[in-house]
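So you can see what is in the structure, the chains are spelled out below.
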Amino acid sequence: MPESKPRKRTARVAPQTSAAEAYKPNPVWFKPVMFGLMIVGLLWIITFYITEGAFPVQAWASWNIVAGFGIAIIGFLMTTRWRS
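Residues numbered from 1 in each chain as written. Predicted model: local features only at pLDDT ≥ 70, side-chain atom pairs only at ≥ 80, totals over all residues. Heavy atoms only, no water.

Scanning the protein chain for helices and strands turns up three helices and zero strands. Rg of the C-alpha trace for the protein chain: 27 Å, well past the compact-globule value of 12 Å for 84 residues, more than 25% over. Principal-axis analysis of the C-alpha atoms places the extent of the protein chain at approximately 95 × 35 × 15 Å. For the protein chain, buried positions account for 15% of its 84 residues. Within the structure as shown, the protein chain displays about 7600 Å² of accessible surface, and the carbon and sulfur contribution to it stands at 66%. (Helix = DSSP H or I, 4+ residues; strand = E, 2+ residues; numbered from the N terminus. Rg over C-alpha atoms; globule rule 2.2 N^0.38 Å. Buried < 20%, exposed > 50% of the residue type's maximum accessible area, 1.4 Å probe, protein only. Areas by Shrake-Rupley, 256 points an atom, 1.4 Å probe, with all protein chains shown as cover.)

Have a look at this one:
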């Protein structure tokens, strides 16, 4: 009985990107915005406590703490994307 010939498989080559092409540093504005958000969030909370709730937004009452932490957390989340 005749045997069938095995098929020739071509080697699949994935396109290689060099490390230099894959690495792109952050824009110039990224670091100041990141640190700025962390500092603004901290100052928001400190202002709320020092003024006993009169500032930054009196109508928000204790939600000012959430706003301050929210601003600071956005800054901290930006640190996960930071490339120097």
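Bringing the side chain of N64 into the picture now. Inspection of the secondary structure puts N64 in helix α3 (residues 63-78). Within the local environment of N64, its side chain forms a polar contact with the backbone oxygen of V57, the two atoms lying 2.7 Å apart. The contacts of N64, once residues within four sequence positions are left out, are W44, F48, P56 and V57. (Polar contact = N/O pair within 3.5 Å; in protein donor to acceptor, adjacent residues only side chain to side chain. Contact = heavy atoms within 4.5 Å.)

Under the criterion given, the structure shown has four aromatic pairs. Between the aromatic rings of F35 and W82, the centroid separation amounts to 5.9 Å while the plane-to-plane angle is 85 degrees, which identifies the pairing as edge-to-face. Remark: W82 occurs in the segment after α3 and F35 occurs in helix α2 (residues 30-50); sequence separation between them is 47 residues. Here F35 falls in the partly exposed class, since its relative accessible area comes to 37%. With a centroid separation of 6.1 Å and an interplanar angle of 25 degrees, the aromatic rings of W44 and W60 are classed as stacked. One end of the pair, W44, is in helix α2; the other, W60, is in the loop between α2 and α3, and 16 residues separate them in sequence. Residue class for W60 comes out partly exposed when judged on its relative accessible area of 41%. (Phe/Tyr/Trp six-rings, centres within 6.5 Å; stacked < 30°, edge-to-face > 60°.)

Moving on, we come to α3. Between the first and last C-alpha of α3 there are 23 Å, a value that for 16 residues agrees with the 22 Å anticipated at 1.5 Å per step. Listing the buried residues of α3 in full gives N64, G68, A72, G75 and M78. Axial view of α3: buried residues confined to an arc of 115 degrees, hence all on one face. Away from its buried face by more than 90 degrees, α3 exposes W63, F76 and L77. Buried residues along α3 sit in contact with α2. (Expected span 1.5 Å × (residues − 1). Arc of directions from axis to C-beta.)

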